[in-house]
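Residue-level structural notes
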Amino acid sequence: MDVADARVSKLPAFLPETDRFFPDNTFDMRRALVVHAEGMERAAKNAQGRAPRDKAYTLSAELLLMQHTCHWYRRSKAIASARMLARHQTPYPQLLASVDPETRQAYLATIGR
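Per chain, residues are indexed from 1 in the order of the written sequence. pLDDT decides what is reported in this predicted model: residues at 70 or higher carry local features, side-chain atom pairs at 80 or more are listed and counted, and totals for whole chains, interfaces and linings draw on all residues regardless. The basis for every side-chain value is the complete set of non-hydrogen atoms in the structure, without hydrogens or water.

Side note on the overall build of the protein
The helix and strand labels rest on DSSP assignments: H or I over at least four residues marks a helix, E over at least two residues marks a strand, and numbering proceeds from the N terminus. Looking only at helices and strands, the protein features six helices and two strands. Reading the protein from its N end, one meets helices and strands in the order β-α-β-α-α-α-α-α. Its C-alpha atoms give the protein a radius of gyration of 14 Å, within 12% of the compact-globule value 13 Å for 113 residues. Any two residues whose heavy atoms approach within 4.5 Å at even a single point are treated as in contact. Long-range contacts, defined here as pairs at least 24 residues apart, represent 51% of the contacts in the protein between residues at least 6 apart. Atoms counted for the radius of gyration: C-alpha only. Globule rule: 2.2 Å times residue count to the power 0.38.

Okay, structure coming up:
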């Protein structure tokens, strides 16, 4: 995927061509997908030795965060967060708190927070 097509706007609302006009307010979706893949792999391997229930919880959180990022890529963070709340009754801050700490740190660095 071309880098220009992989940019995601960090602005609160969807604006076409954000990457051209506000390049500092975007992040690279390709890097975010790598972070998600690594997080899911860590959760599945369970090197932390979590109980099966906790492992499933973490893996579910990793998958939901990836879904949130995909919705963000297509629309905006606000819409992605609203969809997450409506479909899964999970607020975005709770989702971030539920993923593996290493994923959270890499994710926040990727999105520029």
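A word on a nonpolar patch on the surface
Within the patch definition used here, like charges are joined within 9 Å and nonpolar side chains (Val, Leu, Ile, Met, Phe, Trp, Tyr) within 5 Å, considering only residues with over 30% relative accessible area and no salt bridge. Accessibility throughout is a Shrake-Rupley quantity obtained with a 1.4 Å probe, and a residue counts as covered only by protein chains that appear here. In what follows, salt bridge is the name for a side-chain nitrogen of Lys or Arg lying within 4 Å of a carboxyl oxygen of Asp or Glu. Taken together, the side chains of L15, F21 and F22 present a nonpolar region at the surface, about 300 Å² in accessible area. The topology assignment puts F21 in helix α1 (residues 18–21).

Section: the layout of surface pockets
What the largest pocket holds in volume is close to 230 Å³. Cavities and pockets are found on a 1 Å grid laid over the protein atoms alone: a cavity is a set of points where a 1.4 Å probe fits but cannot escape, a pocket is an open set with protein on both sides within 12 Å along at least five of seven lines, and a lining residue has an atom within 4 Å of such a point. Surrounding the largest pocket, 16 residues form its lining, R7, S9, F14, L15 and Y73 being those nearest its centre. Looking at which element gives the most residues to the lining of the largest pocket, the answer is strand β1 (residues 7–9), with three residues. Grid points are joined across faces, edges and corners, and a volume is the space filled by probe spheres set on the points.

Quick notes on the packing of aromatic side chains
Under the pairing criterion, centres of Phe, Tyr and Trp rings, with the six-membered ring standing for Trp, must be within 6.5 Å; the plane angle then separates stacked pairs below 30 degrees from edge-to-face pairs above 60, leaving the rest tilted. A complete count under the given rule lists one aromatic pair for this structure. Taking the centre distance of 4.9 Å and the plane angle of 70° together, the rings of F27 and W72 count as edge-to-face. With a gap of 45 residues between them, F27 in strand β2 (residues 26–28) and W72 in helix α3 (residues 52–74) connect regions that are remote in the sequence. Each of the two residues, F27 as well as W72, counts as buried. Working definition: with a 1.4 Å probe on protein chains only, accessible area under 20% of the residue-type maximum means buried, over 50% means exposed, and in between means partly exposed.

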